[in-house]
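Residues per chain are reported as follows:
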Number of protein chains: 2
Amino acid sequence: MSTTANRPAGAPAGGPVEPTPDSRAPHRPLRLRDVHIDGGPLGRWQETNRAASIPLGIKQLEEAGNLHNLRLAAGEVTGDFRGPRFMDSDLYKQLEAVAWEAGREDAGELHDFLRRAGELLAKAQRADGYLNSYYQVVRPERQYAELEHSHEMYCAGHLVQAAVAAARVGGEPELLAVARRFADHLVEVFLRGGNPGIDGHPEIETALVELYRLTGERSYLDLSLHLVDERGKGHIAGSGMGQRYFQDHLPVREADTEVGHAVRALYLEAGIVDLYLETGDESLLASSVRRWEDMVATKTQLTGGVGSRHSHEAFGDRYELPPDRSYNETCAAIASVHWNWRLLLATGEGRYADLLERTLYNAFAASTSTDGTRFFYVNPLQRRHDHTEGDDPGRRHEWFSCACCPPNIMRLVSTVGHYVATTNDDGLSVHQYVPGTIRADLSAGEVALSVRTEYPWEGEVAFAVDTAPEGEWSLALRVPAWSPSVGVSVNSEPADATPDERGYVVVRRAWSPGDTVTITLDLTPRLVFPHQRIDAVRGCVAVERGPLVYCFEQADQAEGVDVEDLTLAPNAGIRAVPQADLAGVGRTVLLTMDAAAVSQPRNGFPYTPQPTDQAVTSRAVTATAVPYFQWDNRDGGAMRVWLPVSPQVTSGENS
Amino acid sequence: MSTTANRPAGAPAGGPVEPTPDSRAPHRPLRLRDVHIDGGPLGRWQETNRAASIPLGIKQLEEAGNLHNLRLAAGEVTGDFRGPRFMDSDLYKQLEAVAWEAGREDAGELHDFLRRAGELLAKAQRADGYLNSYYQVVRPERQYAELEHSHEMYCAGHLVQAAVAAARVGGEPELLAVARRFADHLVEVFLRGGNPGIDGHPEIETALVELYRLTGERSYLDLSLHLVDERGKGHIAGSGMGQRYFQDHLPVREADTEVGHAVRALYLEAGIVDLYLETGDESLLASSVRRWEDMVATKTQLTGGVGSRHSHEAFGDRYELPPDRSYNETCAAIASVHWNWRLLLATGEGRYADLLERTLYNAFAASTSTDGTRFFYVNPLQRRHDHTEGDDPGRRHEWFSCACCPPNIMRLVSTVGHYVATTNDDGLSVHQYVPGTIRADLSAGEVALSVRTEYPWEGEVAFAVDTAPEGEWSLALRVPAWSPSVGVSVNSEPADATPDERGYVVVRRAWSPGDTVTITLDLTPRLVFPHQRIDAVRGCVAVERGPLVYCFEQADQAEGVDVEDLTLAPNAGIRAVPQADLAGVGRTVLLTMDAAAVSQPRNGFPYTPQPTDQAVTSRAVTATAVPYFQWDNRDGGAMRVWLPVSPQVTSGENS
């Protein structure tokens, strides 16, 4: 058994995805501390995550019983198992978040939590490496006997990811030892032992590739590939959920559209691209790209949210994209970020960074309240007045009985700098624009940049070269597809701003400290229109500015203007109104526009022989929109991302 | 304990709803054999129900284990309980269907089934009257301990309804005895015994009123009222489903909109109106009417289907009416028929018969295949190509693991004549138009009519008086709200066709045998438009003709015309094309119309800065529509009730 690590001991801490030097990744991520975010929304999320969310998560793990369950398995306490059977995974995601956070900025108490958890896990782990508090405490006789819903390998995957994080930030060897013992056990059972099972919930696939990347142990990669190859052979057909739910309906190389449980589907995709990167199996990449293109064209919301059905938390049919009933689970947005990032590493194509950005700033960011203490599990694009889901009014919660999302949010926010930039043989590529610093090792030597920007509130991003190696290298800056124009200057001189075929403006030259490059993206607010096949938002428009999708919340409208009556002309002029600190929301840019409040009498059966526009009354008003990611921080009123196009063009202002 | 029956022994067999002579019902139903349907769709449904559906149901009850479970409870066999805990209720609904069918037209084998089932139930019943195979066999210690999901009273309600049916058609006293023993047990426990519980699934309420009507035993009425009065006091708050799911969130007199599980909600409404009828408590009627008006205006599909959410099989928010994801459970349509009928008896208002008709011919009738052997549980108004729900392609099934719908369909079809006409002090009212005969006892004496009509394929309905009592009485004929014009002739002379405030043309005169009355409804095909708040079908139109909602199925379109591309101009001319026997469908009237096939490239992210109509290509084609209730009898292709309005008006024909 080889145990050669791919990165020499003592190297700077890596991030969550580190393709091996031999991988097929033309783009290589930076290390965790190579990107420092200093301000902007992402900087604020990281501060809030550290100050509010992570402490809340640690408290909740104690209160909800996740730690209690492992203490039961460790023989430290007595009592009953609490919560769903995948409770261990919440702890693992929390551990991963804490590890990355400790890596981002050291703190003793974070390391303490990692150490204590590592000790508890080591104590709870069986001598053969197996570790799962539910199956050890409640149903030992069913170990690996109900893989369709046991989540044993799913939990193992999150344990591995936590351990990889802890190892990469240089802490807690105990956690890695626990994870490796469990991974070795899985290798013995499922790769060498002939057990043909696969887990109902993918996650282990990407985790095992990362463990291989960390340790060099080839059997982890082999097991991951084995689990992906076995998928679609009907191993879990008898579950009662059907095969599509588990992505077990077709071999992955044959499937051409995302189906079933959205989080499972996209965690699996992350693993598939990881496997391509490390094995070079082009058929894996080709199938994943094919499904990505289909998902983007037919199964993705404007916010980047995916998984439109409440039933089974699943992808719907093509073009089934309701704004009100869209499930858009937060974890699915996170999985989409993971998948897009790996596709970007594999191809360098800006379209993956585009969707990553859209998902990050909208579907994902909306999950968390401004203060970092309340979370959405479901992220619809519309909430009606008096909405209820069962008895729930559809606002954020502090925690969930199935608490997969909050710690998953925390681990992504802790690592969000990982998704900012990459190096390739040509130089440095910047994919996401954040203020702060970027440091990287090019083949020619070290480069360091300072970045000044008020993005996404303003469109100018200024890079200053602080350190540069000798010779020419390229600085590639992504031009988002949403930007209708772009300007670039180098050392204050206009430069060619034509994006290359990947969607990047590439400035190639010999650089010196003090050189500057500025890219200016076009943040003119814009209306967007849906494809005609998207029935649920036919005849509607939405408003965007930069990477931000906007929404109309009742809280922002003038007295007497009902969000549910608002309509927009297809040529509405939109005005940006910066807010230094909007109550409850913080810094933002509101958008105001001329609109019409249209009302139709509610009068018996709502289907009539007259076209609707013959029965309505229209009134000119001003409509105000707030970034979608900042919604539900004031009250519980109605919200709409999509507004109907006005029955007739109106003008004039006010109500 | 009084046991005076309200109807003297030996009286003609009644139907499913028989208000007492002292009730507040101004309209009284006819007896089961007083309406004979001879042809037309409803006649055909009854034939198919008897020849195909009921035999299938009896076979399935054996195969699915419903009878097996009761044999377990009776000690006749050994083995495991099979199926969900409410399995008994499927048998009871089947028994009710068989009883009504035997009453409609005698047949020895139907009575044999009733007798054998009655014997089995008597044997399975405990000495104290309790009867529930699940709780007797599997969890005796939990009897009445988990009413939120036990379905014990729900099953009891269906037993009572089956027994009432058997008694009214003059058969099987054993079944009534079993039902009364169980009802007496419920009275002891819940009315007199102080158990404050209510059942999570309403149904017992309406059943107990009917048992009171049959037997005169007041305690059944008292228990029903008690269970309705206790609802909304939070007795089942701790179920994990929330209170709205069970309609336990508010006292019924306070609730103003339908919430939660749709079948539960509307069975409860049927019981509420029954209680009003027998107790005269106006607050019950007022609250039910208030919710009906809200439901009709904001929570009802064009087909009459209700319950728009898959999640919890529940009502959605107001105006949440997606065509593709609408659940529209068949049983909810049945419950809506039950409720509307009782409101009609209580008020005589045609609007309830209108919704009953719409629901019957569309939401309900679509549930069953032309051949009567396959059933929908879910009745959406749109199915996309390649649709899947889990692994299911969304076509009808022969049976279901939760088989509530098929026997429920059968009991309604067996009794559909019950909903055709009523008497009041003024005469005879005809609410639904079917060919055949109607006989009734007016206060002045017997009336008998023959009805000739090809309704709903043609608009003329001709009544001939065969028997008439002395003196003046009124023949009231409903004018459906969908009919833009109406003509009436009496003895071939034009007569006043102005509907009264209830929506009926009333012809009052002294009648003689041989007199004729003809009403002609306007079946001109029509476009209908949705209220602007119904987001999910904004910018769309649907097509109706008479009481029938139409849909566009792929099977009917010309080669090369994709249903998903079809759009209609808001002034489209529509042509009716009668079909004597369309393959797979039978007799029907197709509608054809000029349309435009509009296609938009599928090209990456489907949200763009251009209005959709700038990116589409349009082609003049002919679109063909088939009645919604006849859909899915050919292939599994796409179907739409709502078509988008064409981006520009097109003309010309064919592809």
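Residues numbered from 1 in each chain as written. Chains lettered and ligands numbered in written order. Predicted model: local features only at pLDDT ≥ 70, side-chain atom pairs only at ≥ 80, totals over all residues. Heavy atoms only, no water.

Novice: Teacher, can you tell me more about the sheet that holds strand β13 (residues 516-521) of chain B here?
Specialist: All names here are of chain B. A sheet is described by the order of its strands in space; here 7 strands give the open sequence β2-β6-β7-β8-β13-β10-β11, paired in antiparallel fashion. Edge positions in the open sheet fall to β2 (35-37) and β11 (493-495), since each of these has one partner strand only. With direction set aside, neighbouring strand axes in the sheet form an average angle of 25 degrees. (Pairing = 2+ DSSP bridges. Helix = DSSP H or I, 4+ residues; strand = E, 2+ residues; numbered from the N terminus. Axes fitted to C-alpha atoms, helices over the stretch in contact; angles between N-to-C directions.)

Novice: Sorry if this is basic, but what is going on with the side chain of T298 of chain B here?
Specialist: Mapped onto the fold, T298 of chain B is located in helix α12 (residues 282-298). In terms of polar contacts, T298 of chain B uses its side chain to reach the backbone carbonyl oxygen of D294 of chain B, at 2.8 Å. Sequence-distant contacts of T298 of chain B, that is, excluding residues within four places in its chain, are made with R602 of chain A together with D317, R318, Y319, E320 and L321 of chain B. (Polar contact = N/O pair within 3.5 Å; in protein donor to acceptor, adjacent residues only side chain to side chain. Contact = heavy atoms within 4.5 Å.)

Novice: Please clarify how the pattern of salt bridges should be interpreted in this entry.
Specialist: A side chain with one charge may pair with a side chain of the opposite charge, provided their charged atoms come close. For the structure on display, the rule yields 130 salt bridges over all chains. Residues K59 of chain A and E63 of chain A are paired through a salt bridge, measuring 3.8 Å at the closest nitrogen-oxygen approach. One end of the pair, K59 of chain A, and the other, E63 of chain A, are both in helix α1 (residues 40-64), 4 residues apart, so they sit about a helical turn from each other. Across the salt bridge formed by E230 of chain B and K233 of chain B, the nearest N and O atoms sit 3.3 Å from each other. Each of E18, R168, E210, R213, D274, E278 and R342 of chain A takes part in a single network of salt bridges with overlapping partners. (Salt bridge = Lys/Arg side-chain N within 4 Å of Asp/Glu carboxyl O.)

Novice: Which parts of the structure should I look at to understand the relation of the copies chain A and chain B?
Specialist: The pair of chain copies shares a relation made of a rotation about an axis and a shift along it. Superposition record for chain A on chain B: RMSD 0.0 Å, screw rotation 180 degrees, translation along axis 0.0 Å. Read as a symmetry element, the transformation amounts to a two-fold axis. Residues of chain A ranked by C-alpha distance from the rotation axis are headed by A536 of chain A, positioned 2.3 Å from it. By residue overlap, the copies meet face to face through one surface: 100% of the interface positions of chain A are interface positions in chain B. (Least-squares fit on C-alpha atoms with pLDDT ≥ 70 in both.)

Novice: When you look at the sheet that holds strand β5 (residues 427-430) of chain B in this model, what are you seeing that I'm missing?
Specialist: All names here are of chain B. Judged by pairing direction, the sheet is mixed, and its 5 strands sit side by side in the order β1-β4-β5-β9-β12 without closing on themselves. Only two strands of the sheet have a single neighbouring strand rather than two, namely β1 (28-29) and β12 (504-510). In the packing of helix α13 (residues 330-347) onto the sheet, contacts are made with β1, β4 (421-424) and β12, and the angle to β4 comes to roughly 25 degrees. Each of β9 (472-478) and β12 touches helix α14 (residues 350-364); the most contacted strand, β9, lies at about 45 degrees to it.

Novice: Just to check I follow, could you spell out the packing of helix α3 (residues 87-104) of chain A against helix α15 (residues 405-414) of chain A for this structure?
Specialist: To describe two helices that pack against each other, one gives the angle between their axes and the distance between the axes. Residue and element names in this part refer to chain A. At their nearest, the axes of α3 and α15 sit 8 Å apart, and the two run at 20 degrees to each other. Judged on the interaxial angle alone, α15 and α3 are roughly parallel. Our pair here, α3 against α15, has a crossing hand that is left-handed. Residue-level contacts link D90, K93, Q94, E96, A97, W100, E101 and R104 of α3 to P407, N408, M410, R411 and S414 of α15. Residue classes in the contact of α3 with α15 are distributed as 4 nonpolar, 3 polar and 6 charged. (Parallel < 35°, antiparallel > 145°, perpendicular 65-115°, else oblique. Left-handed = near helix turned anticlockwise from the far one by under 90°. Nonpolar A, V, L, I, M, F, W, Y, C, P; charged D, E, K, R; others polar.)

Novice: Is there a simple way to think about the environment of E278 of chain A in this case?
Specialist: All names here are of chain A. Tracing the chain through its elements places E278 in helix α11 (residues 262-279). Residues contacting E278, with those up to four places away along its chain left out, are P19, T20, S23, V209, Y212, R213 and L221. Of note is the side chain of E278, whose polar atom sits 2.8 Å from the side chain of R213.

Novice: What is the right way to look at helix α15 (residues 405-414) of chain B in this model?
Specialist: The buried fraction of α15 of chain B is high, at 10 of 10 residues. On its buried face, α15 of chain B is in contact with α1 (40-64), α3 (87-104), α7 (152-168), α11 (262-279), α13 and α14 of chain B. (Buried < 20%, exposed > 50% of the residue type's maximum accessible area, 1.4 Å probe, protein only.)

Novice: How should I be thinking about the nonpolar core in this particular structure?
Specialist: Soluble globular proteins: nonpolar side chains tend toward being buried together. Core analysis: the largest hydrophobic core is formed by 215 residues, its most contacted members being L95, L121, F463, F552, L568, V641 and W642 of chain A. The leading source of residues in this core is helix α13 (residues 330-347) of chain A, at 12 residues. Not counting residues up to four positions away in its chain, the partners in contact with V641 of chain A are L302, L381, V541, A542, V549, Y550, C551, F552 and Y628 of chain A. With 213 residues, the next largest nonpolar core counts A25, L30, Y92 and Y628 of chain B among its residues. (Core = buried A, V, L, I, M, F, W, Y, C linked by side-chain atoms within 4.5 Å.)

Novice: I keep staring at the state of the cysteines and nothing clicks. Help me out?
Specialist: All names here are of chain A. Within this structure, the stated rule accounts for 0 disulfides over all chains. Not engaged in a disulfide, the cysteine C402 finds its nearest cysteine sulfur in C404; these two sulfurs lie 4.0 Å apart. Under the relative-accessibility criterion, C402 is labelled partly exposed at 22%. Cysteine C551 shares no disulfide, and the gap to the nearest cysteine sulfur, in C540, comes to 14 Å. With relative accessibility at 0%, the residue C551 sits in the buried group. (Disulfide = S-S within 2.5 Å.)

Novice: Can you help me understand the interface of chain A and chain B in this one?
Specialist: Frequently, the measure chosen for interface size is the accessible area that the parts lose on association. Counting from both sides, the interface comprises 63 residues of chain A and, opposite them, 63 residues of chain B. Overall, the association of chain A and chain B removes approximately 5600 Å² of surface from exposure, summing both partners, and the carbon and sulfur fraction of that is 46%. Here chain A is connected to chain B by 18 salt bridges. Looking at the side of chain A that touches chain B, the elements with two or more residues in it are α12 (282-298), β14 (526-530), β19 (586-599) and β20 (607-608) of chain A. Partitioned by chemical class, the residues of the side of chain A that touches chain B number 22 nonpolar, 20 polar and 21 charged. Of the strand pairs in this sheet, β14 of chain A and strand β20 (residues 607-608) of chain B are connected by 2 bridges, and their pairing is antiparallel. Its bridge partner being in β20 of chain B, P530 of chain A is matched across the sheet by Y607 of chain B. (Buried area = accessible area lost by both parts, 1.4 Å probe.)

Novice: Can you help me understand the pairing of strand β10 (residues 486-490) of chain A in this one?
Specialist: Remember that side chains alternate between the two faces of the sheet whenever the strand is regular. Residues and elements named next belong to chain A. Summarising the sheet, β10 and strand β13 (residues 516-521) pair through 5 bridges and their orientation is antiparallel. Paired with S489 across the two strands is T518, which belongs to β13. Where β10 lies against strand β11 (residues 493-495), 3 bridges are found, and the strand directions are antiparallel. Pairing of V488 across the sheet is with A495, part of β11. Hairpin connection of β10 to β11: 2 residues between the antiparallel strands, including N491 at a positive phi of 50 degrees.

Novice: When you look at the domain arrangement of chain A in this model, what are you seeing that I'm missing?
Specialist: All names here are of chain A. If you check the domain split of chain A, you get domain 1 (28-419), domain 2 (430-521) and domain 3 (526-644). One C-alpha centre belongs to domain 1, the other to domain 3, and the line joining them spans 34 Å. Contacts between the two partners involve 26 residues from domain 1, matched on the other side by 31 residues from domain 3. Between domain 1 and domain 3, the buried area comes to about 2600 Å², and carbon and sulfur atoms account for 54% of it. The interface formed by domain 1 and domain 3 includes 4 salt bridges. If you look at where domain 1 meets domain 3, you find 19 residue pairs in polar contact (both at pLDDT 80 or more). It is helix α14 (residues 350-364) that contributes the most residues to the side of domain 1 that touches domain 3, 4 residues altogether. For the side of domain 1 that touches domain 3, a count of residues per class yields 12 nonpolar, 8 polar and 6 charged. (Domains from an automatic or database assignment.)

Novice: Explain the environment of E282 of chain B here, please?
Specialist: All names here are of chain B. Within the secondary structure, E282 sits in helix α12. A sequence separation of 27 residues divides E282 from A255, and the C-alpha atoms of the two residues are 15 Å apart. The residues touching E282, leaving out its near neighbours within four places in the chain, are R24 and Y276.

Novice: I would appreciate a short explanation of the packing of aromatic side chains in the present structure.
Specialist: A ring pair, where both rings are aromatic, is described by two values, the distance of the centres and the angle of the planes. All names here are of chain A. Considering all chains together, one arrives at 42 aromatic pairs over all chains under this definition. Here F376 and W631 contribute two aromatic rings whose centre-to-centre distance is 5.2 Å and whose plane-to-plane angle is 20 degrees, an arrangement assigned as stacked. In this pair, F376 sits in the loop between α14 and β3 (382-383) while W631 sits in the loop between β21 (617-627) and β22 (639-640), placing the two residues 255 residues apart along the sequence. An identical accessibility class is assigned to F376 and W631; each is buried. An aromatic cluster of at least three residues, connected via ring pairs, comprises W45, Y361, Y433, Y455, W457, F463 and F629. Sitting over the face of the ring of Y504, R502 holds its NZ or CZ atom 4.7 Å from the ring centroid. (Phe/Tyr/Trp six-rings, centres within 6.5 Å; stacked < 30°, edge-to-face > 60°. Lys NZ or Arg CZ within 6 Å of the ring centre and 35° of its normal.)

Novice: Would you mind showing me how to read the pairing of β5 of chain B here?
Specialist: Residues and elements named next belong to chain B. The sheet contact formed by β4 and β5 spans 4 bridges and is antiparallel. The residue of β5 that forms the bridge with N424 is G427. Following β4, the chain reverses through 2 residues before pairing antiparallel with β5. With 4 bridges connecting them, β5 and β9 associate as parallel partners. Opposite V430, over in β9, you have L477 as the bridge partner.

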